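# Results of the structural survey
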Amino acid sequence: MKTTISLIKADIGSSPGHVTVYEPLMTLAEELMEKAKDENTITDFLVFNAGDDTELLMTHNKGVDNAEIHKLAWDTFMKLGTEARNIGLYGAGQDLLKDTFSGNVKGMGPGCAEMEIEERPAEPILVFAMDKTEPGAFNYPIFQMFANPFNTAGLIIDPKLHDGFNFSVMDVFKNKFLDLSCPNEMYDLLALVGAPSKYVIKHVYSKNPELGIAASISTDKLALIAGKYVGKDDPVAIVRSQSGFPAVGEIVEAFTLGHLVSGWMRGSHRGPLMPVPLEYSQCVRFDGPPRVVGLGFQLKNGKIIGAVDLFDDLSFDSTREKCNEIAEYMRRHGPFEPGRLPLSEMEYTTLPDVLKKFEGRFRE
Ligand code: F6R
Ligand code: MG
Ligand code: MG
């Protein structure tokens, strides 16, 4: 049986400032999703948050890029945006860049990761959502999961993974895609995705045609859509697991470095990505540090079974401690690179004004 998993998210308002989604807003989202489930538009759903982003995880049988599902997500966000405005939440409706829906949420502000799969008899699915960073922040963990044998033991010792995986990489500025095969083209892949502000892993595929898609990552680039700063494009990802895909433990292992990502305060700094349980999915210190939450579940006939908060586990405590140390160290750089991002990647800048002010005072 074919099932589609759609993870669509938007920042539609938070409290205080950009810290976290207001609980009653998530309850409203749940009510709207429950209604769509009753009307058989979707099979099942989960609503959760990553910092100030509201995440709608939906399962259905309508395929990817489906207008009805995208409209459901869009209408839900529009209603939440209105409610957020009435309540007085911060940044109400900030990711809703257009007034009218045009068939697909792409280019309209929300971020979206989707995949259609032929469900195996037992289908473990993991979803991840990040706040205060950008889509390229997934490059490192996705590479680790599907290409690095020092992370994923199965690449070496499980015959079902030993052929490696195919990666689809997007040039986010040119909107073009390149397919690369690992391990044979691994160095080429790394030459690209080591630059996560330009090249972003969009999809991963098994080399076994019976298994098909392995991972899907949102690559919506708000800054490019709106042509101006409208909020960091916090990404989401869907990853399949076990029996030909990396094990659950190999997938979450990829988040144990606390790797440095772009974003954090005013989308203009570098900070460590901290894996947290949903309970701690809020961005406070210097509006961060950037965070990732993860949920794992079994999918059966489109139903979400036994969802688990993946980072709600003692084994991630040492990563979180390390992230706090790295955060402290990066903060001490203040306005200096590499604590602050290079000029080309900053979401906020006063430099044009400063240069204009001192135009006449530059000497030979
Ligand atoms: C970063 C982010 C926050 C804001 C910061 C300033 O993605 O959302 O760090 O950039 O709090 O916000 P404004 O400009 O709304 O005062
Ligand atoms: Mg916000
Ligand atoms: Mg956010």
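The following paragraphs examine the structure supplied in this document. The numbers attached to residues start from 1 for each chain and follow its sequence in the written order. Going through the entries in the order they are written, you letter the chains from A and number the ligands from 1. Reporting of local features is limited, given that this is a predicted model, to residues whose pLDDT is at least 70; pairs of side-chain atoms are given and counted only at 80 or more, and all residues count toward the totals for whole chains, interfaces and linings. Calculated side-chain values reflect all of the structure's heavy atoms, with hydrogen atoms and water omitted.

## Notes on the pattern of salt bridges
Within this document, salt bridges are pairs made up of a side-chain nitrogen of Lys or Arg and a carboxyl oxygen of Asp or Glu, the two lying within 4 Å of each other. Applying the stated criterion to the full structure yields 16 salt bridges. Here Glu123 makes a salt bridge to Arg240, at a shortest N to O gap of 3.0 Å. Separated by 117 residues along the polypeptide, Glu123 in strand 5 (residues 123-131) and Arg240 in strand 10 (residues 236-240) bring together distant segments of the chain. Neither residue differs from the other here; Glu123 and Arg240 are each classed as buried. As a salt-bridge pair, Glu337 and Arg340 come within 3.1 Å of each other at their nearest N and O atoms. A single network of salt bridges, built from pairs that share partners, joins Asp52, Asp131 and Lys132. Secondary structure elements are taken from DSSP: a helix is a run of H or I of four residues or more, a strand is a run of E of two residues or more, and numbering for both begins at the N terminus. The classification of residues rests on relative accessible area computed with a 1.4 Å probe and restricted to protein chains. Under 20% of the type maximum is buried, over 50% is exposed, and intermediate values are partly exposed.

## Description of the site of ligand 1
In this text, near means that some heavy atom of the residue lies within 4 Å of the molecule or strand in question. Among the eleven residues in the neighbourhood of ligand 1, the closest are listed as His18, Tyr90, Arg266, Asp287 and Tyr348. We call two N or O atoms a polar contact when they sit within 3.5 Å, provided that within protein one can donate a hydrogen and the other can accept it, with sequence-adjacent residues counted only if both atoms are side-chain atoms. With respect to ligand 1, the backbone of Arg266 contributes an N or O atom lying 2.9 Å from an oxygen atom. Within the side chain of Asp287, an N or O atom sits 2.5 Å from an oxygen atom of ligand 1. A class-by-class count of the residues in the shell around ligand 1 yields five nonpolar, two polar and four charged. Polarity classes work like this: nonpolar for Ala, Val, Leu, Ile, Met, Phe, Trp, Tyr, Cys and Pro, charged for Asp, Glu, Lys and Arg, and polar for all others, with Gly in that last group.

## Observations concerning the coordination of the magnesium ion (ligand 2)
Within the protein, the magnesium ion (ligand 2) binds to Asp11 (OD), His18 (ND1) and Asp52 (OD); these donor distances fall in the range 2.0 to 2.3 Å. Each donor residue of the magnesium ion (ligand 2) belongs to the same chain, and together they define the spacing D-x6-H-x33-D. A relative accessible area of 2% means that Asp52 is categorised as buried. Donors, by definition, are the N, O and S atoms found within 2.8 Å of a metal, the threshold being 3.2 Å for Na, K and Ca, and water is not counted, so a site can look incomplete.

## Structural notes on helix 2 (residues 67-87)
To estimate the expected span of a helix, subtract one from its residue number and multiply by 1.5 Å. A rise of 1.5 Å per residue sets the reference length of helix 2, with its 21 residues, at 30 Å; its end C-alpha atoms lie 30 Å apart and thus fit the reference within 8%. Within helix 2, burial applies to Ile69, His70, Leu72, Ala73, Trp74, Thr76, Phe77, Leu80, Gly81 and Ala84. Those residues of helix 2 hidden inside the fold are in contact with strand 1 (2-10), helix 1 (23-38), strand 3 (53-60) and strand 4 (111-118). Its side-chain oxygen placed 3.0 Å from the backbone nitrogen of Glu68, Asn66 serves as the N-cap of helix 2. Once helix 2 ends, the next one or two residues include Gly88, with phi positive near 100 degrees. The contact criterion used throughout is that any non-hydrogen atoms of two residues lie within 4.5 Å.

## With respect to the packing of helix 3 (residues 139-147) against helix 5 (residues 186-193)
Between two packed helices, both the angle of their axes relative to each other and the distance between the axes serve to describe the pair. Running from amino to carboxyl end, helix 3 crosses helix 5 at an angle of 170 degrees, the nearest separation of the two axes being 11 Å. Put simply, helix 3 runs roughly antiparallel to helix 5. The two elements helix 3 and helix 5 cross, and the hand of that crossing is right-handed. Here Asn139, Phe143 and Ala147 of helix 3 lie close against helix 5, whose contacting residues are Met186, Leu189, Leu190 and Val193. When its residues are assigned to classes, the contact of helix 3 with helix 5 shows six nonpolar, one polar and no charged. Under this scheme, a helix contributes an axis fitted over its contacting stretch, all axes are lines through C-alpha atoms, and angles between N-to-C directions fall in the 0 to 180 degree range. Any angle that falls under 35 degrees is termed roughly parallel, while one over 145 is termed roughly antiparallel, one within 65 to 115 roughly perpendicular, and all others oblique. Helix crossings are classified by the rotation of the near helix relative to the far one: an anticlockwise turn of less than a right angle makes the crossing left-handed, while a clockwise turn makes it right-handed.

## Overview of a negative patch on the surface
Surface patches are defined over residues having more than 30% relative accessible area and no salt bridge, joining like charges when they lie within 9 Å and nonpolar side chains (Val, Leu, Ile, Met, Phe, Trp, Tyr) when within 5 Å. Where accessible areas are quoted, they stem from the Shrake-Rupley method and a 1.4 Å probe; at the residue level, only the protein chains shown are allowed to cover. Charge assignment in this entry is limited to Lys and Arg as positive and Asp and Glu as negative, and neither His nor the chain termini are counted. Where a charge sits is defined by one atom per residue type, namely NZ (Lys), CZ (Arg), CG (Asp) or CD (Glu). There is a patch of like negative charges on the surface, built from Glu23, Glu30, Glu31, Glu34 and Asp38. Take Glu31: it is sitting in helix 1.

Any functional reading would require information beyond the geometric quantities listed.
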